[in-house]
Amino acid sequence: MAQVRNLTAVQVVYRKKRINHRLRFGAPLTEARLDWRRKLVAFAPGSVFGYIRWRANRFGTQDWRLFVLRSVESGALSTVPGVMPGADILLATRGTTRTQRAFDHLDTLEQDAGGLSHVTDAYWRHLHNRLAVSFDPHGFSPLQASSFAGELP
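Residues numbered from 1 in each chain as written. Predicted model: local features only at pLDDT ≥ 70, side-chain atom pairs only at ≥ 80, totals over all residues. Heavy atoms only, no water.

Visitor: Help me understand the side chain of Arg53 in this model?
Guide: Relative to the helices and strands, Arg53 is located in strand S5 (residues 48-57). Put simply, Arg53 is tucked away with no salt bridge, and the nearest opposite charge, on Asp63, sits 5.5 Å away. Within the local environment of Arg53, its side chain forms a polar contact with the side chain of Tyr51, the two groups lying 3.3 Å apart. What Arg53 contacts, discounting residues up to four positions off in sequence, is Asn20, His21, Asp63, Trp64, Arg65, Phe67, Pro81 and Gly82. (Helix = DSSP H or I, 4+ residues; strand = E, 2+ residues; numbered from the N terminus. Buried < 20%, exposed > 50% of the residue type's maximum accessible area, 1.4 Å probe, protein only. Lys, Arg positive; Asp, Glu negative; His and termini not counted. Salt bridge = Lys/Arg side-chain N within 4 Å of Asp/Glu carboxyl O. Polar contact = N/O pair within 3.5 Å; in protein donor to acceptor, adjacent residues only side chain to side chain. Contact = heavy atoms within 4.5 Å.)

Visitor: Even after reading the chapter, I still don't get a positive patch on the surface, so can you show me in this structure?
Guide: Together, Arg15, Arg18, Arg37 and Arg58 make up a region of like positive charge exposed at the surface. Structurally, Arg58 can be placed in the loop between S5 and strand S6 (60-70). Taking the relative accessible area as the measure of exposure, Arg58 reaches 73% and is therefore exposed. (Patch = residues over 30% accessible without salt bridge, like charges linked within 9 Å, V, L, I, M, F, W, Y side chains within 5 Å. Areas by Shrake-Rupley, 256 points an atom, 1.4 Å probe, with all protein chains shown as cover. Charge placed at Lys NZ, Arg CZ, Asp CG, Glu CD.)

Visitor: Hey, could you run me through the pairing of strand S2 (residues 19-25) in this one?
Guide: Put simply, side chains in a regular strand alternate between the two faces of the sheet. In the sheet, strand S1 (residues 8-15) pairs with S2 via 3 bridges, with the strands oriented antiparallel. In the strand pairing of S2, Arg15 is matched with Ile19. Here S2 runs beside S5; their pairing, made up of 6 bridges, is antiparallel. For Ile19, the partnering residue across the bridge sits in S5 and is Arg55. (Pairing = 2+ DSSP bridges.)

Visitor: How do you make sense of the pairing of strand S3 (residues 30-33) when you look at a structure like this?
Guide: Pairing geometry for S3 and strand S4 (residues 38-43), over 4 bridges, is antiparallel. Within S4, the position partnered with Ala32 by the bridge is Leu40. Two successive antiparallel strands, S3 and S4, enclose a turn made up of 4 residues.

In structure tokens form, the structure reads like this:
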């Protein structure tokens with residue numbers, strides 16, 4: 001078997017009513033269960049995936065974040081908790097309101113783009129910037145996906 005290098009590992013954790021760190025989308029290359037609450041998934045370089053980090057205590061939700069990340073082989077990496085060694089951050093939200101707005105846009109993108117794998121890095125960054133300043137993002141069309149990929153009809 002060929003040895004695969006430069007994978008990006010993501011820790012997935014679930015503890016009822018306390019912690020839920022999970023993938024929103026993406027296709028991991030490998031998966032290893034660490035125990036009944038935790039597993040480690042790994043992505044090949046260039047893979048785009050969504051990662052949710054939610055934490056609560058007896059007073060309610062304490063932290064809720066959404067990241068859309070692209071794993072990279074080498075170069076500049078941004079550190080995200082639970083992602084080793086790091087990844088390129090395309091979109092990041094924090095807090096209940098912004099994260100919920102991002103989820104709403106992800107649902108719309110899944111329908112409009114025919115799946116989140118067709119969304120370009122440029123659009124993820126656009127969505128990040130618009131959500132950060134509480135503006136509605138511009139719509140995404142399949143023509144944008146094909147034009148960014150160099151597949152114009």
